[in-house]
Amino acid sequence: LAPNANTAGCTGGCGRLMTRSTVQRWPALLLPPLLLMLAAGPVMAAETVDRGAFSLLYRAVFGNRDDSAAAERPPTPMRVIGAGLGRTGTSSLNAALKQLGHKPYHMAEGVVDQGHEAQWRRVVEASLAGNTSEFKAATDAVIDLIATEGFDATTDYPACLIFEELLRRYPDAKVILSTRSSGKSWAKSVLSSVGHIHNVIKHRPFSFLKKLRDGAVMTRGMYPMTGIKLDKDDVPEEKSLIASFDTWAAHVRKVVPPEKLLVHIATDGFAPLCAFLGVPHSDCPDEYPNVNDSAMIRRAILLFEVITW
């Protein structure tokens, strides 16, 4: 770009860099980290609030691990496929699978930390548009990405939405349908936590960042993919959540052969999980993890809302 009036007095070729568009972009580029630093103080200092809320916010904004060596590693075959919807004990299952030696792909540790929002946005948009060929191409690309980065198990949204495609790719994998006591309890959990995230991150300053624009589209689109309706405020409807919970569970049971499927509630503990995965009793941990992150997610959403406009 040629020097212009905005670069008067600039020497050493900086006129090519200091254009009006660059200067105008500075507030958008600097504002998110500045606001994060301002918001971090009270959260990190409060003795009654753990650091999970700020950690989630930080990961959502900056998570994008540089795993340049991934392309050189051979793809890892999928061994365990989580078909349970988010908020069905998927964080606890994620922790349990780690204890059993797996590397699970989860919303936080897979999508957010690895920076896969754009790839999942493509999957969601193709699904909602009814574009079969694009959905297949997008899903194949995501599955390749997961395998290349060494994950051998999946839990949580959005990977649960493509459990059929994963099973077709990896017919020897086993499927775990994590669930809750009822659709009503699941709906309550969703509405008190993740059901509002897309409505927060679509606003400024988060909308300045492509990673979070993609994340907002992805998280909003996950609900219609399982037949869940959104109300006028773009929040999942409770009745629709309850109905979809039962419909989804029935669909998984219909698609997955019984010998490959474990229906699991967190209170069932490690015993059925170890038996299903062929883990010897002597290697099976006693205490199943209890990762209840609902409160942390609510605090994170509150933190998100404080710095949006």
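Look up a bit, the structure's there.
Reading the values: rules and limits
Residues numbered from 1 in each chain as written. Predicted model: local features only at pLDDT ≥ 70, side-chain atom pairs only at ≥ 80, totals over all residues. Heavy atoms only, no water. Core = buried A, V, L, I, M, F, W, Y, C linked by side-chain atoms within 4.5 Å. Buried < 20%, exposed > 50% of the residue type's maximum accessible area, 1.4 Å probe, protein only. Contact = heavy atoms within 4.5 Å. Salt bridge = Lys/Arg side-chain N within 4 Å of Asp/Glu carboxyl O. Helix = DSSP H or I, 4+ residues; strand = E, 2+ residues; numbered from the N terminus.

### Quick notes on the nonpolar core
I81, W120, Y157, I162, W186 and V252 are the most contacted members of the largest nonpolar core, which has 58 residues in total. Sequence-distant contacts of V252, that is, excluding residues within four places in its chain, are made with A83, F163, L177 and L261. Listed in part, the 15 residues of the second largest apolar core include L100, L262, L273 and C284.

### Structural notes on the pattern of salt bridges
Inspection of the entire model under this criterion finds 14 salt bridges. As a salt-bridge pair, K98 and E109 come within 2.7 Å of each other at their nearest N and O atoms. Of this pair, K98 sits in helix 3 (residues 90–99) while E109 sits in helix 4 (residues 107–114); the two residues are 11 residues apart in sequence, bridging distant segments of the chain. Judged by relative accessible area, E109 falls into the partly exposed class, the value being 24%. Between D140 and R169 there is a salt bridge whose closest N-O contact spans 3.8 Å. Pair noted here: D140 is in helix 6 (residues 132–148) and R169 is in helix 7 (residues 163–169), with a separation of 29 residues, a long-range link. Of the residues examined, D140 reaches a relative accessible area of 26% and is grouped as partly exposed. It is possible to trace a salt-bridge network through shared partners that takes in R121, E125, K210 and D214.

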